[in-house]
Amino acid sequence: MRDDYLKAATAIICNPNILINLVSRRVKQLKAGAKPLVDSLENLDSEDIALREIIEGKITYQLSCQSEQ
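This report concerns the structure included in the present document. (Residues numbered from 1 in each chain as written. Predicted model: local features only at pLDDT ≥ 70, side-chain atom pairs only at ≥ 80, totals over all residues. Heavy atoms only, no water.)

Quick notes on the pattern of salt bridges
According to the stated counting rule, one finds 4 salt bridges in the structure shown. Residues E53 and R26 are paired through a salt bridge, measuring 2.6 Å at the closest nitrogen-oxygen approach. Of the two residues, E53 is situated in helix α3 (residues 46-55) and R26 in helix α2 (residues 16-31); the sequence distance between them amounts to 27 residues. When sorted by exposure, E53 lands in the same class as R26, which is buried. Here R52 makes a salt bridge to E56, at a shortest N to O gap of 2.9 Å. Judged by relative accessible area, which is 14%, R52 ranks as buried. On the accessibility criterion, E56 (40% relative accessible area) is partly exposed. One salt-bridge network, in which partners are shared between bridges, spans R2, D4 and E42. (Salt bridge = Lys/Arg side-chain N within 4 Å of Asp/Glu carboxyl O. Helix = DSSP H or I, 4+ residues; strand = E, 2+ residues; numbered from the N terminus. Buried < 20%, exposed > 50% of the residue type's maximum accessible area, 1.4 Å probe, protein only.)

As structure tokens, then:
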């Protein structure tokens, strides 16, 4: 995993737990055959692709709060 991508993504998503979960889920999608949402001339690992997608605003997250009834 590239440090520069990690630092840039951390500036966007400050909570490390959320960042880890978001990257992990996207990596699973990429490894299952999903197409990357970013173009790259480099041969990047799935983790780096997921981080680039976060940095470029291609993927985001939304927290959901469920109330008990």
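So, next bit.
As for the nonpolar core
One broad trend across soluble globular proteins is that nonpolar side chains are buried collectively. By size, the foremost hydrophobic cluster in this structure holds 16 residues, and its most contacted members are I13, L19, V23, L51 and I54. Within the residue set of this core, elements represented by two or more residues are α1 (3-12), α2 and α3. With 6 residues, α2 is the single largest residue contributor to this core. Sequence-distant contacts of L19, defined by excluding residues within four places in its chain, comprise L6, A9, T10, I13, L51 and I54. (Core = buried A, V, L, I, M, F, W, Y, C linked by side-chain atoms within 4.5 Å. Contact = heavy atoms within 4.5 Å.)

Description of the packing of α2 against α3
Contact geometry of α2 with α3 gives a least axis separation of 9 Å together with a crossing angle of 120°. By the angle between their directions, the pair α2 and α3 is classed as oblique. α3 is crossed by α2, and the crossing has right-handed handedness. In this structure, α2 uses L19, L22, V23, R26, V27, L30 and K31 to contact α3, whose residues at the interface are S46, E47, I49, A50, L51, E53 and I54. Within the contact of α2 with α3, the residues separate by chemical class into 9 nonpolar, 1 polar and 4 charged. (Axes fitted to C-alpha atoms, helices over the stretch in contact; angles between N-to-C directions. Parallel < 35°, antiparallel > 145°, perpendicular 65-115°, else oblique. Left-handed = near helix turned anticlockwise from the far one by under 90°. Nonpolar A, V, L, I, M, F, W, Y, C, P; charged D, E, K, R; others polar.)

A look at α3
When you tally the buried positions in α3, you get 8 out of 10 residues, the bulk of the element. All buried positions along α3 are accounted for by S46, D48, I49, A50, L51, R52, E53 and I54. Those residues of α3 that are buried lie in contact with α1 and α2. Positive backbone phi, at 75°, marks G57, one or two positions downstream of α3.

Shape is all these values report; function is a separate question.
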